[in-house]
Amino acid sequence: MPPARLPWLLALTLLLAACQQSEPEPLKVYRHAIDGIPASLDPAHADDVYAATLVTNLYDTLYRYKYLARPYELTPSLADGFPEVSEDGLTYRIRLRDDARFADDEAFPGGVGRPVRATDVVYSLKRHFLPDTRSRGDWLWRDRIVGLDEGTRLSDPDAPVEGLQVEDPLTVKIRLRRPYPQFTHTLAMALSAIVAREAVEHYGRSFGVNPVGSGPFVLARFDESRAVLEPNEHFRRGVIDLDAEGYDPARHDRFGLARIDGLTFPLLDRLEVHFIPEPTTRWTSFTASSGVDVVMVPPELSERVLAERDPIRLRPEIASRYRSWHGPEAGFVFHGFNMDNPEIGHHPDPGRAARNRALRCALRDAFDWQARNRAFYHGLGQIFPGAIPPILPAYDPDADADSISHSPRRARARLAEAGWQTDNLPRLVYGLESSVHQRQMFEQFRAWAQAIGFPASRLEARAYASFGEYARALGTRQVDLFLLGWTLAYPDAQYSLQLFYGPNAAPGANSFNYANPTFDQLFEQASSLPAGPRRTRLYRQLNRIVIEDCVIIGSLARTRLFLWKPHVLMLPDRDMVGGHFLRFVDIADQGG
Amino acid sequence: MTTPGSRRTLVARRLLGALPLLLGVTLVSFTLTVHFGPDQAWELLGRNPTPEQVEQVQRQLGQDRPFLMRYGEFLQRLTRLELGHSQASGESVTGLLARTVPVSLLALAPGFVLGIALALALALAAAWRPGGRIDRLCRGLSSLGMSLSVVITVIALQAIFGVWLDWFPVRGWAVDNAASYLAHVAVPTMAMVAANLGYNLRFFRAVLVATINEPPARTALAYGLPKSRILTRYVLRAALLPILTRVVFSVPLILISGSLVIESHLGIPGAGRITFDAVTSGDQPVLMAVVSLSAVLFVVALTAADLLARLVDPRIRAA
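Basis of the calculations
Residues numbered from 1 in each chain as written. Chains lettered and ligands numbered in written order. Predicted model: local features only at pLDDT ≥ 70, side-chain atom pairs only at ≥ 80, totals over all residues. Helix = DSSP H or I, 4+ residues; strand = E, 2+ residues; numbered from the N terminus. Rg over C-alpha atoms; globule rule 2.2 N^0.38 Å. Contact = placed C-beta atoms within 7 Å. Axes fitted to C-alpha atoms, helices over the stretch in contact; angles between N-to-C directions. Parallel < 35°, antiparallel > 145°, perpendicular 65-115°, else oblique. Left-handed = near helix turned anticlockwise from the far one by under 90°. Nonpolar A, V, L, I, M, F, W, Y, C, P; charged D, E, K, R; others polar. Core = buried A, V, L, I, M, F, W, Y, C linked by C-beta atoms within 7 Å. Buried ≥ 20, exposed ≤ 12 C-beta atoms within 10 Å, placed from the backbone. Expected span 1.5 Å × (residues − 1). Pairing = 2+ DSSP bridges. pLDDT = per-residue confidence, 0-100.

**Description of the overall build of chain A**
Per the secondary structure count, chain A includes 17 helices and 23 strands. The C-alpha atoms of chain A give 26 Å as radius of gyration, which agrees with the globular expectation for 592 residues (25 Å, within 12%). With the C-alpha coordinates of chain A rotated into their principal frame, the extents come out at 90 × 70 × 50 Å. A separation of at least 24 residues holds for 69% of the contacts in chain A among residues at least 6 apart in sequence.

Shown next, in the form of structure tokens:
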């Protein structure tokens, strides 16, 4: 044999041998795709959809949202039933399932997971108040649970907290300072997932990449490209009861979900979550046979899949190849004013305050939401007044739409009436994240402002390199006008209206720095009411106040359009349900 | 003539020279990340922080301490090879690098080597007959390679080999054995070749054309020696010095920063990806580890390039 051929022959042999060695694919593998990379899998840091998608599958929460019921409905998960709430709404008694166990891990003696106990619930909540945790979710319970008041920082997880009591190994009693009807919702968030103290202490700072939970899956692999999850053999939740999950044949039959009724969790042999921030790559991977099984169609690629936008209709070749679902996001995007700047916001002089309001209202009138929707959301967004998006029960479909109608004439009239002229208009800083997209949005806004007589030179764009930098600018009140998105963590208008609550002013969630005692008083009143017509009325009144005060320019709820491969039986959701739906995903048999 | 003693002296000199370089590089990087980089405290805060929490996180990140004290502590830890933990994930930086650098190497090295070999072969053929058909083709190829965006190349390769032909995975790095490695390395290799071929080809051709016109090659030609012998013994050997320098200096880039675009678009969890994330989020422990390691590797590359130059070039040995 000529020596030159030897390396080729060796390479070929190696290749063939390697092919023979490759292990067979597990029976049921689902490849999910999300558009960002979770930095940490510590539940205390899981306040974004990327981390929450994984955390809700590796850990378990006391409650979760029903898979299919819309509007969203809570259901027990790790808890054994709904909490017993005292008549005054201040005491919650929550009983845990007796069959829940943490996954096996070296953190436990002998490497065997132990049962989940009430002490774990207490520790998981207390942990948010330990400085080393650097919790991103303590604000949900701060000043709500007795003993975890404003400024509380626990130095020791064993330190007693009056409002967190273990009644027996499976029962926890939580005492609140004042009624907090949203409390049970917070216990469905990934931030509230139950952790084992042994695991937190065993892994120390690396706990964020070594998750040990009691969820349906355990982590087999995690890097910047994907996470691979395998079933947690200790996860026992009985069989799937589709009716209890809100199954409606009229709405859900086309997704082939009926066949999972009566099966046990989880249905997959392996769950892969791929992190693909680049929209084009996400789409390419979806269209490849070995790529991801689902895609949330980015607006810029909607041309490829949509034949019509209103109502949404897929192109025939797409409709025949994939399953699909679309609906509004549980959140919205909006522009806001920094009310802390006396040049445009609150002012001690009532006359100037009124003139500032006229200026804000004029800029809002100049804003053309329809054009914004066409240009940047491909006409798929739903425009609504204020901060209560259509997905919420408190949304008012009959609300006055003046605040979202484009009216340059009205804007000019407002400016003239308030005495604003080219030479006395303030110089405003418009904050944006550094991207072409956001720069274009600014230019569009500036053109509308110019059209009502606001000089382009008085509107300065200030770009920030990352969202962290942008958050710092908002938190330190450096920008006068800003663009933000707000995703709801639970289906209650309280979550969006808190954006205007005075005590939440920057660096808190109230980036508007809106300070209105009437609003604050009504907000506190509404926040402690149970769901019902009275609370809805109050929420709508609060929404009208911020619209009347021209604090917000908005808003727009984007449309989520999911496509997935037909062999995958599921109804995807990335909002309130977040990652919880993944335990219900099934794979049809070949040709199924 | 190079002796083991002179080689040791050279290595010792280089290592000594590396200290001020390392100090300078880390000082500049530290200054830039502290004063001009993103403030990670705001990335780590939740949706509704209080001013006290902002201060607390800033304190935990050491932002309340004087700059020189922080830099001094960093140097102390570096001398003990304590690279700390990522502020974002909590993962140890040593573990992070141990996990990602080999992935970058495995994913990008084949394309790097193949790209250089291909560029060298084409450049030799082009330099032999400047203005000829192969030379014209090479000039076209290098212009195309240099002007084509890597992003476009990667997207095209994904579409052709991942979707249309369905030969290789579109993205990801699910490597468990040799077969899965070959499948996953194919597209990154093609992307690396396409990304670097233009620049390498142009550089190698220029060097080889200059060498081919020098007296030794012209004399060999006049003696009627075979083309292959002239190219390998006289031209390539004489031109090896600048070529080696270029190649050796590219190695740290592959090892540490990887190729961000290729790693990002192809979902390769390599060093480039974590470097980019650290830069944009201001994850100082990761960033400073990458910068320090890059500086060390550049010193190693510099030393290796010098040693190799002595090996291949008798004039340097004599000097």
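**Some thoughts on the packing of helix α10 (residues 350–366) of chain A against helix α12 (residues 408–417) of chain A**
Residues and elements named next belong to chain A. The geometry of α10 relative to α12 is characterised by a closest axis approach of 8 Å and an angle of 165° between their N-to-C directions. Here α10 lies roughly antiparallel to α12, going by the angle between them. Every pair of crossing elements has a handedness; the one defined by α10 and α12 is left-handed. For the pair α10 and α12, contact is made by Ala358, Leu359, Cys361, Ala362, Asp365 and Ala366 and by Pro408, Arg410, Ala411, Arg414, Leu415 and Glu417, respectively. Here the residues of the contact of α10 with α12 sort into eight nonpolar, no polar and four charged.

**Some thoughts on the nonpolar core**
In this structure, Val55, Ala362, Phe500 and Val551 of chain A are the most contacted members of the largest nonpolar core, which totals 179 residues. Aside from chain neighbours lying at most four places away, what touches Phe500 of chain A is Asn510, Phe512, Tyr514, Phe519, Val546 and Val551 of chain A. Ala126, Ala194, Leu197 and Ile262 of chain B belong to the second-largest nonpolar core, a separate cluster that totals 40 residues.

**A closer look at the interface of chain A and chain B**
Counting residues at the interface gives 48 residues for chain A and 51 residues for chain B. Looking at the side of chain A that touches chain B, the elements that each hand over two or more residues are α1 (6–21), α7 (279–287) and α14 (467–475) of chain A.

**A short note on helix α13 (residues 284–312) of chain B**
In this model, α13 of chain B (29 residues) spans 41 Å end to end at C-alpha, consistent with the 42 Å of a helix rising 1.5 Å per residue. Listed in full, the buried residues belonging to α13 of chain B are Gln284, Pro285, Val286, Leu287, Met288, Ala289, Val290, Val291, Ala295 and Phe298 of chain B.

**Considerations on the sheet that holds strand β10 (residues 270–275) of chain A**
Residue and element names in this part refer to chain A. Strand order in the open sheet formed by four strands is β1-β10-β9-β8, with mixed pairing between adjacent strands. At either margin of the open sheet sits one strand with a lone partner, and together these are β1 (29–34) and β8 (217–222). On average, adjacent strands in this sheet sit at an angle of 25° to one another, irrespective of strand direction. Bridge analysis of β1 against β10 gives six bridges, and the strand direction is parallel. Note that in β10 the partner of Ile34 across the bridge is Phe275. Of the strands in this sheet, β1, β8, β9 (226–231) and β10 are in contact with helix α2 (residues 49–58), which crosses β8 at around 130°.

**Describing the pairing of strand β5 (residues 91–95) of chain A**
All names here are of chain A. Residues Tyr92 and Ile94 point to one face of β5 and are all buried, whereas Thr91, Arg93 and Arg95, pointing to the other face, are not buried. Bridge analysis of strand β4 (residues 84–85) against β5 gives two bridges, and the strand direction is antiparallel. Of the residues in β5, the one forming a bridge with Val85 is Tyr92. As paired strands, β5 and strand β7 (residues 171–175) are joined by five bridges and run antiparallel to one another.

**Observations regarding the packing of helix α16 (residues 517–527) of chain A against helix α17 (residues 533–548) of chain A**
All names here are of chain A. Interaxial distance between α16 and α17 falls to 9 Å at its minimum, and their mutual angle equals 155°. One way to sum up the angle between α16 and α17 is to call them roughly antiparallel. Classified by chirality, the crossing of α17 by α16 is left-handed. Residues Thr518, Phe519, Leu522, Phe523, Gln525 and Ala526 of α16 touch α17, and the partners they reach there are Arg535, Leu538, Tyr539, Gln541, Leu542 and Ile545. Looking at the contact of α16 with α17, its residues break down into eight nonpolar, three polar and one charged.

**Quick look at unusual backbone geometry**
Residues and elements named next belong to chain A. The omega torsion across Arg70 and Pro71 is 0°, close enough to zero to call that bond cis. Within the fold, Pro71 resides in the loop between β2 (63–65) and β3 (74–76). In this structure, Pro507 follows Ala506 across a cis peptide bond, with omega equal to 15°. Position of Pro507 relative to the elements: it lies in the loop between α15 (493–497) and α16. Phi is positive for Arg134, close to 50°, though the residue is something other than glycine. With respect to the element layout, Arg134 can be found in the loop between α3 (118–127) and β6 (164–168). Judged by local crowding, Arg134 falls into the buried class, with 23 C-beta atoms found within 10 Å. In this model, His378 sits at a positive phi of 55°, which is unusual for a non-glycine residue.

**Considering α2 of chain A**
All names here are of chain A. Summarising burial for α2: nine of the 10 residues are buried, a large majority. Regarding α2, the residues found buried are Tyr50, Ala51, Ala52, Thr53, Leu54, Val55, Thr56, Asn57 and Leu58. Tucked inside the fold, the buried residues of α2 contact β1, β8, β9 and β10.

**Quick notes on the sheet that holds strand β14 (residues 323–328) of chain A**
Residues and elements named next belong to chain A. Here three strands make up an open sheet; going across it, the order is β11-β21-β14 and the pairing antiparallel. Among the strands making up the open sheet, the edge pair consists of β11 (294–296) and β14. Going from strand to strand, the sheet's axes swing by 15° on average, the running direction of each strand aside. In this structure, β11 lies alongside strand β21 (residues 559–564), joined through three bridges in antiparallel fashion. When the bridges of β21 are listed, Val294 appears paired with Trp564.

**Thoughts on the pairing of β7 of chain A**
A regular strand carries its side chains on alternate faces of the sheet. Residue and element names in this part refer to chain A. Residues Val172 and Ile174 point to one face of β7 and are all buried, whereas Thr171, Lys173 and Arg175, pointing to the other face, are not buried. Two strands pair when backbone bridges link them, and β6 and β7 are joined in this way by four bridges, in the antiparallel orientation. Following the sheet pairing, Val166 is matched in β7 by Val172. The turn joining β6 and β7, which pair antiparallel and follow one another in sequence, is formed by two residues.

**Let's talk about the confidence of the model for chain A**
Averaged over every residue, the pLDDT of chain A is 92; residues scoring 70 or more account for 95%. For residues 16–22 of chain A, every residue scores under 50 in pLDDT, and the model assigns this stretch eight contacts once sequence neighbours within four places are set aside.

**Brief notes about the environment of Pro517 of chain A**
Residues and elements named next belong to chain A. Take Pro517: it is sitting in helix α16. In this structure Pro517 comes out as exposed when scored by C-beta crowding, with 8 C-beta atoms within 10 Å. Residues Pro517 and Tyr501, 16 residues apart in the sequence, show an inter-C-alpha distance of 9.0 Å.

**Comments concerning the environment of Ser206 of chain A**
Structurally, Ser206 of chain A is set in the loop between α5 (197–203) and β8. For Ser206 of chain A, a count of 17 C-beta atoms within 10 Å puts it in the partly exposed group.

**A few points about the environment of Val436 of chain A**
Residues and elements named next belong to chain A. Mapped onto the elements of the fold, Val436 is located in helix α13 (residues 436–451). Classification of Val436 as exposed rests on a count of 7 C-beta atoms within 10 Å. For Val436 and Pro299, which are 137 residues apart along the polypeptide, the C-alpha to C-alpha distance reads 15 Å.

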